[in-house]
Amino acid sequence: MKILVTVKEVAHVDDEFEIDGLGIDDRYVTYDLNEWDDYAVEAAVQIQEAGDDVEVVAVTIGGADTEDTIRQALAKGADRAIRVWDDALADAGLLDPETKARLIAAVAAEEDPDLVLTGVQSADDGFGATGVTLAEHLGFEWGAVVNALDLDREAGVAHVHRELEGSVEELTDVELPAVLTIQTGINEPRYASLRGIRQAQSKELAEYALSDLDLTPADVESPLEQTDLYEPESESEATVFEGSAEETAAELAGLLREKGVGS
């Protein structure tokens, strides 16, 4: 059995920062594995540990500077990894879910996985659509926002628990091959051990350009364009009471009476 798990490097911005053109000044930014993808990696590795002959392959879209992040997936138990990048992708700018799904689908066509796990969304763009769009490209069954997973390999079915809007929860079976988008809280992602980190350095990390996937620059022309970046002005009507508990309680009571509370 082969599991393809998608991972993404995301930026974390300090509370205080400065904008530089269309981005945040690098002094205020750190990069790490996307939180939702961390849970997806853990789900894949747990399936691997529970059965025999299971290969976990991590795939990411990103330049050479994302290597440390994808090697986190290798350090946590993925067997090998694939990084997709090309000058045309750098020129494309902000990639929409359709473009990302097309790229990952091309990798999946080479790998022929039985199961694809993605995070529900990324902490930066937050589109939340790449996983289900990927399923459409592959012609796979899919389950979104999965917060519990029981895989029956013999029957070729994933028993999933899905978290829906309005506090609705769904239990359903998804036939393999399938794409599942993994929600935070489904498990407890492990920390990479020192041994795992050392082993990750020797695990295979293949690099694919567009031509390796039979794609052209025209295939990755995103309809999205970033035109500006700014920090929105914040407005607050908060009233801060200072003083002893008796003083502030009296002030608060007076304010509530003015607002008609209790009348």
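For the structure itself, consult the block above.
Residues numbered from 1 in each chain as written. Predicted model: local features only at pLDDT ≥ 70, side-chain atom pairs only at ≥ 80, totals over all residues. Heavy atoms only, no water.

1. Overview of the overall build of the protein
The condition is simple: Put simply, DSSP H or I for four residues or longer makes a helix, DSSP E for two residues or longer makes a strand, and each gets a number counted from the N terminus. Only protein chains enter the accessibility calculation, which uses a 1.4 Å probe. A residue is then buried if its area is under 20% of the maximum for its type, exposed if over 50%, and partly exposed in between. By definition, residues are in contact when any of their heavy atoms lie within 4.5 Å. In this charge count, Lys and Arg are treated as positive and Asp and Glu as negative; neither His nor the chain ends contribute. For charged residues, the charge sits on one atom: NZ in Lys, CZ in Arg, CG in Asp, CD in Glu.
Within the protein, the regular secondary structure consists of 7 helices and 13 strands. For the protein, the spread of C-alpha atoms along the three principal axes comes to 70 × 45 × 40 Å. In the protein, which comprises 263 residues, the proportion classed as buried is 42%. Across the protein, the fraction of contacts at a sequence separation of at least 24, relative to all contacts at a separation of at least 6, is 70%. Where the 17 positive side-chain charges of the protein centre and where its 61 negative ones centre are 6 Å apart.

2. Some words on the sheet that holds strand β12 (residues 178-182)
Stated precisely, the cut-off is as follows: The pairing criterion for strands is at least two bridges between them, as found by DSSP. As a rule, the C-alpha atoms of each element are fitted with a line to give its axis, helices using only the stretch in contact, and angles between N-to-C directions run from 0 to 180 degrees.
The sheet built from 9 strands is open, its strands ordered β11-β10-β9-β12-β8-β1-β6-β7-β13 with mixed pairing. Unpaired on one side and paired on the other, β11 (169-175) and β13 (205-208) mark the two borders of the sheet. Within this sheet the neighbouring strands show an average axis-to-axis angle of 35 degrees, counted without direction. Direction of pairing for strand β8 (residues 115-119) relative to β12: parallel, over a ladder of 5 bridges. Note on β12: the bridge partner recorded for G119 is I182. Across the sheet, helix α4 (residues 97-111) is in contact with β1 (2-6), β6 (55-61), β7 (80-84) and β13; its angle to β6 comes to roughly 150 degrees.

3. Focus: the packing of α4 against helix α5 (residues 130-138)
A packed helix pair is summarised by two numbers, namely the angle formed by the two axes and the spacing between the axes. The cut-off we apply is this: If an angle is under 35 degrees, it is roughly parallel; if it is over 145, roughly antiparallel; if it lies from 65 to 115, roughly perpendicular; otherwise it is oblique. Handedness of each helix crossing follows the sense of rotation of the near helix against the far helix: counterclockwise by less than a right angle gives left-handed, clockwise gives right-handed. In this count, Pro and Cys sit with the nonpolar residues alongside Ala, Val, Leu, Ile, Met, Phe, Trp and Tyr, while Asp, Glu, Lys and Arg are called charged and the others, Gly among them, polar.
Closest axis-to-axis distance for the α4/α5 pair is 8 Å, and the angle between their directions is 50 degrees. The orientation of α4 relative to α5 falls into the category oblique. For α4 against α5, the interelement crossing comes out right-handed. Along the contact surface, α4 presents P97, E98, K100, A101, R102, I104, A105 and A108, while α5 presents T130, T133, L134, H137 and L138. Taken together, the residues that form the contact of α4 with α5 break down as 7 nonpolar, 3 polar and 3 charged.

4. Some thoughts on α5
Given 3.6 residues per helical turn, the α-helix brings residues three or four places apart onto the same face. Regarding α5, the residues found buried are G131, T133, L134 and A135. Residues of α5 that are buried in the fold lie against α4, β8, β9 (141-152) and β12. Positioned one or two residues after α5, G139 has a phi angle of 75 degrees, which is positive.

5. Brief notes about the side chain of N34
Operational definition: Under the rule applied, a polar contact is a pair of N or O atoms within 3.5 Å (in protein, one hydrogen donor and one hydrogen acceptor; residues adjacent in sequence only if both atoms are side-chain atoms).
Its place among the elements puts N34 in the loop between β5 (29-33) and α1 (35-50). A polar contact of 2.9 Å, which involves the side chain of N34, links it to the backbone oxygen of Q121. Among residues more than four places away in sequence, those in contact with N34 are K8, V10, Q121, S122 and A123.

6. Here's the deal with the pattern of salt bridges
Applied cut-off: In what follows, salt bridge is the name for a side-chain nitrogen of Lys or Arg lying within 4 Å of a carboxyl oxygen of Asp or Glu.
Evaluation of the coordinates by the stated rule reveals 15 salt bridges. Two residues, R80 and E111, come together in a salt bridge whose shortest N-O distance is 2.5 Å. A residue pair is termed long-range when its members are at least 10 positions apart, and R80 in strand β7 and E111 in helix α4 qualify at 31 residues. Relative accessible area serves as the criterion here: at 15%, R80 is assigned to the buried category. Take E111: its relative accessible area is 7%, and that puts it in the buried class. In this structure, a network of salt bridges that share partners links the residues K2, E55, R80 and E111.

7. Considering α1
Where we set the bar: In this scheme, a helix's expected span is set at 1.5 Å multiplied by one less than its residue total.
With 16 residues, α1 ought to run about 22 Å at 1.5 Å a step, and its terminal C-alpha atoms sit 23 Å apart, in line with that. Burial within α1 is extensive, with 12 of its 16 residues counted as buried. Here α1 has its buried residues at W36, D37, D38, Y39, A40, V41, E42, A43, A44, V45, I47 and Q48.

8. Considerations on a nonpolar patch on the surface
For clarity, the threshold we go by: Patch building starts from residues that exceed 30% relative accessible area and form no salt bridge, then joins like charges within 9 Å and nonpolar side chains (Val, Leu, Ile, Met, Phe, Trp, Tyr) within 5 Å. The accessible surface values rely on the Shrake-Rupley method and a 1.4 Å probe; as for residues, cover is taken only from the protein chains in view.
On the surface, a cluster of nonpolar side chains totalling about 210 Å² of accessible area is made up of L94, F127 and L224. Position of L94 among the secondary structure elements: in the loop between α3 (87-92) and α4.

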